[in-house]
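Spelled out, the chains give:
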Amino acid sequence: MLTPEQIQEEQLLLERLQQRWMVGSDLPIELDALPASWHPLFEDLAEEHFASAAIALLSQHQSALYQPQTAEELRDFPLLPELNKPVLPYPMRAHFRRVSGSLQSHSTEQIGLLLQLMLQRGYIAHPADWLPSSNDEGLPGVYLPWSQWVANEQSAIDEKEALTEENWDDWYPASRLVKLREMRFSNPAAALALIQTCAAGEPAEKRLRIVQVLTIRLSEADTEYLQSLLKDRSQKVVRLASQYLSRLGQAPELEGNAQTVSSAQELAEFYELKNKGLVNKQPQLLPRKLKSKKQQAIRSELLQKIPLHSFAEVLDITVADLVGAWQFDTNRDYDNHSFVTSAVDSLPDEAIALLVGNIEGYLDTGEAGMPLLHSLLPRLEQSRRAELMFGLLQHKKAKVDFQDLLQFLPEPLTELSWDGLKKTSPWKALLKLVAEELNENGYLQSIYIQRELTALGLMLPRETTQPLLETLFKQGVLQADPATDCLRFNRGLASVDER
């Protein structure tokens, strides 16, 4: 048995030997250079075999000396939850990997639409091809168990159970929000009562997300609770409650203070209210000409800060009149965006509907109105979004592309015929660009064209993709062109019922 001192001496010898080899030394090894405990093993060996034997023994010595240790106690990781849907058929999986990989590289939001397209046909992704990440948003609800598994967060309750005050703490927060939203759609009063009881005990950020559920079917019944939130310890919650009260026409007291009124009056001085028309006079709110960039900066800052209710009150008009009187074509794009953002946060649904109409008229002058409509989407019902999308598709003057229209859709279309699509201005404009690109390069190199075709692949019904692809191929697009990947995936993905 070696003493500690002997072990230390032998370890030093082995370290020197290892250093010799690491710098490339090929000199013969003498017996004195090896640990004394190894000498009996080398007595019957020829000197030319000392090096190979020493390397083998040193390797075994290090394996015994350095045992891998875990940083913390090992624990079992649960199996990936099974989803109650068939996975994508094997022949389609490679195609899915190409499309999803392309989408992931430039737009994680479109992954949700691709998964929704598959779900519409009755399939889910194979977990070997795709798993959710922490950055993925807008995924179909069926993938929630996978999202929790990836985050290594498991709920302590069967998710088929109802959410109640008694089991509130047993739910994983993301699952709880899903259940709360479902309850808010089906039974707003019960959801409100549960939020009133349980939200106060949550941390500020979680409490904010819980209160945001009230935007679903927001009504006068929520007023009393929202007014109580004006005294919440989180300023984010206070600001959200103020916005929701404004939507309900209940201007909170914090908006009526002297400083807000003074700032609203200062903002009103930057504008001129006129009436247009001889019989049916329509108010128009026009920006005054300013003398300096400093004044422009002050006006823009006030537009962001002043609630539109206070602005309308100082002008002595209603909020509905203010929305109709705002002239998008005479204001800067930045100020238009500030106006619409403020409207989204605080105006009632009736005023939002009027604002949409105003922006639709502004679209006749060009494409600057599209970002404004996108800002309004969180306040619009899905049916209204779809209606707007079809209206924009048929619009003759507005400069619209398919990537714009994609943002209006919570899921792919089930009705849009080829006869209807090929008559639209966006398709005619895209086909013209495709022809120009083919004449110049012989293939589709333009990133814009590639993304437009991908958007079509994510939004169209399957039966519409076939004649569309035939049109592209007849024009000279290669049948294996990567730009058509998403369209070809859509065409090849038959529904479960058709297989």
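Predicted model only: the values in this text are computed from it and were never measured.

Draft legend 1. Molecular detail of the overall build of the protein chain. Within the protein chain one finds 25 helices and two strands. Taking 23 Å as the expected radius of gyration for a compact globule of 499 residues, we find that the protein chain reaches 33 Å, considerably beyond that expectation. Taking the principal axes of its C-alpha atoms as reference, the protein chain extends roughly 120 × 65 × 55 Å. As displayed, the protein chain offers around 28000 Å² of accessible surface, 50% of which is attributable to carbon and sulfur atoms. With 49 positive and 69 negative side-chain charges, the protein chain shows a spacing of 12 Å between the two charge centroids.

Draft legend 2. Representation of the environment of Leu460 in the model. Topologically, Leu460 is positioned in the loop between helix 23 (447–459) and helix 24 (462–475). Sequence-wise, Leu460 and Lys397 are 63 residues apart; in three dimensions their C-alpha atoms are separated by 23 Å.

Draft legend 3. Region of the structure containing a negative patch on the surface. A cluster of acidic residues, Glu30, Asp32, Glu47 and Glu48, forms a negative patch at the surface. Relative to the assigned elements, Glu48 resides in the loop between helix 2 (39–42) and helix 3 (50–65).

Draft legend 4. Broad picture of the packing of aromatic side chains. In the structure shown here, the tally under the stated rule is nine aromatic pairs. For the ring pair Trp418 and Trp427, a centre distance of 5.5 Å and an interplane angle of 80° mean the geometry is edge-to-face. Like Trp427, Trp418 is buried. Members of the aromatic cluster, connected to one another through ring pairs, are Tyr271, Phe311, Trp326 and Phe339. Geometry around Tyr271 places Arg299 over its ring, the cationic atom sitting 5.3 Å from the centre.

Draft legend 5. Here's a closer look at unusual backbone geometry. Although it is not a glycine, Arg217 adopts a positive phi angle of roughly 55°. Within the secondary structure, Arg217 sits in the loop between helix 9 (204–212) and helix 10 (223–228). Here Asp316, not a glycine, exhibits a phi torsion of approximately 65°, which is positive. By secondary structure assignment, the location of Asp316 is in the loop between helix 14 (308–315) and helix 15 (319–325).

Draft legend 6. Molecular detail of the packing of helix 12 (residues 258–268) against helix 13 (residues 293–305). One way to put it is that helix 12 packs onto helix 13 with a least axis distance of 10 Å and a crossing angle of 130°. Put simply, helix 12 runs oblique to helix 13. Handedness of the crossing formed by helix 12 with helix 13: left-handed. When helix 12 is examined against helix 13, the residues Ser263, Glu266 and Leu267 are found in contact with a partner set consisting of Ile298, Arg299, Leu302, Leu303 and Lys305. In terms of residue class, the contact of helix 12 with helix 13 is built from four nonpolar, one polar and three charged.

Draft legend 7. Looking closely at helix 19 (residues 382–394). The terminal C-alpha atoms of helix 19, which comprises 13 residues, lie 19 Å apart, in line with the 18 Å expected from a rise of 1.5 Å per residue. Those residues of helix 19 lying buried are Arg385, Leu388, Met389, Leu392 and Leu393. Axial view of helix 19: buried residues confined to an arc of 135°, hence all on one face. Seen from the open side of helix 19, the exposed residues pointing more than 90 degrees away from its buried face are Ser383 and Glu387. In the core, the buried residues of helix 19 are packed alongside helix 17 (349–362), helix 18 (370–376), helix 20 (402–406), helix 22 (425–441) and helix 23.

Procedures and definitions
- Residues numbered from 1 in each chain as written.
- Predicted model: local features only at pLDDT ≥ 70, side-chain atom pairs only at ≥ 80, totals over all residues.
- Heavy atoms only, no water.
- Helix = DSSP H or I, 4+ residues; strand = E, 2+ residues; numbered from the N terminus.
- Rg over C-alpha atoms; globule rule 2.2 N^0.38 Å.
- Areas by Shrake-Rupley, 256 points an atom, 1.4 Å probe, with all protein chains shown as cover.
- Lys, Arg positive; Asp, Glu negative; His and termini not counted.
- Charge placed at Lys NZ, Arg CZ, Asp CG, Glu CD.
- Patch = residues over 30% accessible without salt bridge, like charges linked within 9 Å, V, L, I, M, F, W, Y side chains within 5 Å.
- Salt bridge = Lys/Arg side-chain N within 4 Å of Asp/Glu carboxyl O.
- Phe/Tyr/Trp six-rings, centres within 6.5 Å; stacked < 30°, edge-to-face > 60°.
- Buried < 20%, exposed > 50% of the residue type's maximum accessible area, 1.4 Å probe, protein only.
- Lys NZ or Arg CZ within 6 Å of the ring centre and 35° of its normal.
- Axes fitted to C-alpha atoms, helices over the stretch in contact; angles between N-to-C directions.
- Parallel < 35°, antiparallel > 145°, perpendicular 65-115°, else oblique.
- Left-handed = near helix turned anticlockwise from the far one by under 90°.
- Contact = heavy atoms within 4.5 Å.
- Nonpolar A, V, L, I, M, F, W, Y, C, P; charged D, E, K, R; others polar.
- Expected span 1.5 Å × (residues − 1).
- Arc of directions from axis to C-beta.

Nothing here speaks to function; it is all geometry.
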